[in-house]
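Descriptive analysis of the structure
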Amino acid sequence: MKMAVNIGGATIKNPVMTASGTYGYGDVYTELCDVTRLGAVVTKGVTLEPAQGNPPPRGCETASGMLNAIGLQNVGVAAFIAEKLPPLRERGVACVVNVQGSSITEFVAVSQKLTGIDGVTALELNVSCPNKTGGLSFGTDPKALNTLVTAVRKATPLPLMTKLSPNVTDITVCARAAVDGGTDSLSVMNTVIGMAVNLGDPSRGIRPRPVLRNVTGGLSGPAIKPVALRMVWQVVQAVDVPVIGIGGIASATDALEFLAVGASAVQIGTASFYNPRACEEVVDGIAAYMTEHTVADINDLIGTFEIPWTAT
Amino acid sequence: MIQKQVPIVFNHHLAGATHVLGFDCAEIARAAAPGQFVMMREVQPRGYLLNRPFSIGNVDGNTIEIYYDAVGKATHAFAELDKGDELDVFGPLGRGFTLETWAKVNVLVAGGIGIAPFPFLAIELAKRRPQTHTVVLAGFRSAPLVVLADLFAEIGVGFKVATDDGSQGYNGFVTGLLEQELDAHGNNKVGVYACGPELMLKRVAEIAVGRDVFCELSLEQRMACGVGACLVCACNTRAADGAADYKMVCKDGPVFNARDVVFE
């Protein structure tokens, strides 16, 4: 059975990755999950300097999902290379580094520092974080996005993924802008901007207020899966680079739906929080599905989706 | 740390919204320390998604006891579970209380369901430091909400109640009772452990730090993962150089030295 897929120049042994910001640097679930079984670990967003992130409260549960406004708390690229990457490299885990910056200069600088470092499989450009100044503006402005991707493309030969924002009217416009800039693949999608309200207690004079200190946050989890599936399907039809599906994937069935509409791989995020073995279970579930349906190569499942009726 | 589906062995209502639930898990029972917590959810959650964090209230053989208030979707669902039902649990998690201190008197300060980690702490203090004296100061809104008096009597530690409405014990907040207790002992012989609402913890920290008393606080914050992956449960602490430093309640805590916590 062949489960390996090629993601814009990066070959990974199966199509299941962790989603950035949900798995630390591959170091948090080692007691509960065998990280070496995953296609790749995508790291927490890494910036040039260490970052503290947003003040609490930073998260809350919502219907079939959660909101977060972490704000890219991370150790910085130097500490990442010195401390976080070696354990993954030693265990042979493919590592996609999620790169974040508040300017093109910072994106380029972080990408250059990661270039030539053994154990870095690819870079994922986080142009769509809704909780960080600068991050989202690249992801929602096709021109700025194109300029950013073009600059990073010139700065590194590493395979480049660009993680797109769903918080736009037409995601295919941003997808094309990133592809024109030279990205090798696209990850679709980041979280959906949302908010939650605490009604307070009028009898004690406590007025309604936001649950999150940041007021808005990124919505993730099963609640956003239909939106993600739709956006992956749209992007797959619009561009010719591999697409990685992200958004509410919690089971092998969910992952297979994304592969069917054309994703070459998937990333699993929020599900790991309540089931630390979610990624492994999805790997096993896809393998079981392939056995049951006598599929020899995972690539034969990708993009097999068809609409069996004509438009009315 | 292990993840497992475990059987519930009892689940009782105590008073007000407070319940006690016991589940069997030898691995967690062996590894648990006072102040640590577990993440729990139903095997098939009804109307919620994420695990919820709960202090390990006590360990009796292979049984882990959890004290909880049924106040939200998940905890209301837990309250409906019976003996034999299963929970999805992982733990033990986090950094617990420091048991080895110079204190001769251990003062455990609880606000409401903040009493949850203290049976385990009181028992372990009695075991490991038999020459010390332990007293639990417990604040509740009103007398009908008072829980665990019998248990602490059985453990053999002091138990003093404060009620907001004066219907039992000290009339006022438990922090008033703490000041009385500290006045009665030499400060340098007392160690304070506190768990409860943030405003209570803030006042406990002011009192203890102001008197230069060893004090640890068990903090509460919304969590998604419990292991340091999601970074949701940040709390504001002070680094060694005095700079602001976000720590994770799940991984760096939930227990912190009162001197290190920055309250707004």
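Up top is the structure.
Every value quoted in this text rests on a predicted model; they were computed, and no experiment measured them. (Residues numbered from 1 in each chain as written. Chains lettered and ligands numbered in written order. Predicted model: local features only at pLDDT ≥ 70, side-chain atom pairs only at ≥ 80, totals over all residues. Heavy atoms only, no water.)

Along its length, chain B carries 6 helices and 16 strands. Its C-alpha atoms give chain B a radius of gyration of 18 Å, near enough to 18 Å, the size a compact globule of 264 residues would have. In terms of overall dimensions, chain B has C-alpha extents of about 50 × 45 × 35 Å along its principal axes. Here chain B, with 264 residues, has 56% of them falling under the buried criterion. Within chain B, contacts between residues separated by at least 24 positions form 65% of all contacts whose residues are at least 6 apart in sequence. Total accessible area computed for chain B in this model is approximately 10800 Å², and 48% of it derives from carbon and sulfur atoms. Between the averaged position of the 23 positive side-chain charges in chain B and that of its 30 negative side-chain charges there is a distance of 4 Å. (Helix = DSSP H or I, 4+ residues; strand = E, 2+ residues; numbered from the N terminus. Rg over C-alpha atoms; globule rule 2.2 N^0.38 Å. Buried < 20%, exposed > 50% of the residue type's maximum accessible area, 1.4 Å probe, protein only. Contact = heavy atoms within 4.5 Å. Areas by Shrake-Rupley, 256 points an atom, 1.4 Å probe, with all protein chains shown as cover. Lys, Arg positive; Asp, Glu negative; His and termini not counted. Charge placed at Lys NZ, Arg CZ, Asp CG, Glu CD.)

This part covers the interface of chain B and chain A. Counting residues at the interface gives 27 residues for chain B and 33 residues for chain A. Buried area between chain B and chain A, both sides added, is near 2400 Å², and the carbon and sulfur share of it is 59%. In terms of surface lost to chain A, no three residues of chain B exceed Met1(B), Leu49(B) and Tyr246(B), which account for 27% of the buried area on that side. Where chain B packs against chain A, one counts 2 salt bridges. For Glu264(B), the salt bridge identified is with Arg213(A), shortest N-O distance 2.7 Å. For the side of chain B that touches chain A, the secondary structure elements donating two or more residues are strand 1 (2–15), strand 14 (234–238) and strand 15 (244–248) of chain B. The element that contributes the greatest number of residues to the side of chain B that touches chain A is strand 15 of chain B, accounting for 4 residues. Partitioning the side of chain B that touches chain A into residue classes produces 18 nonpolar, 4 polar and 5 charged. (Buried area = accessible area lost by both parts, 1.4 Å probe. Salt bridge = Lys/Arg side-chain N within 4 Å of Asp/Glu carboxyl O. Nonpolar A, V, L, I, M, F, W, Y, C, P; charged D, E, K, R; others polar.)

Residues and elements named next belong to chain B. Taken in spatial order, the 7 strands line up as 11-10-9-8-12-13-16 in an open sheet, and their pairing is mixed. Here the strands that pair on one side only, and so sit at the sheet edges, are strand 11 (170–171) and strand 16 (255–257). The pairing of strand 9 (residues 133–140) with strand 10 (residues 158–163) spans 6 bridges and is classified as parallel. The partner of glycine 139 across the bridge, within strand 10, is alanine 162. (Pairing = 2+ DSSP bridges.)

What follows is about the nonpolar core. Among the nonpolar cores identified, the biggest contains 143 residues, and Tyr29(A), Val188(A), Ile286(A), Val109(B), Val192(B) and Leu217(B) are the most heavily contacted of them. By residue number, the principal contributor to this core is helix 9 (residues 278–292) of chain A, which donates 7 residues. Not counting residues within four places of it along the chain, the set of residues in contact with Leu217(B) comprises Ala194(B), Leu201(B), Val204(B), Ala205(B), Pro254(B), Val255(B), Phe256(B), Ala258(B), Val261(B) and Phe263(B). In terms of nonpolar packing, the next biggest core, distinct from the first, is built from 27 residues, Val20(B), Ala138(B), Val157(B) and Val161(B) among them. (Core = buried A, V, L, I, M, F, W, Y, C linked by side-chain atoms within 4.5 Å.)

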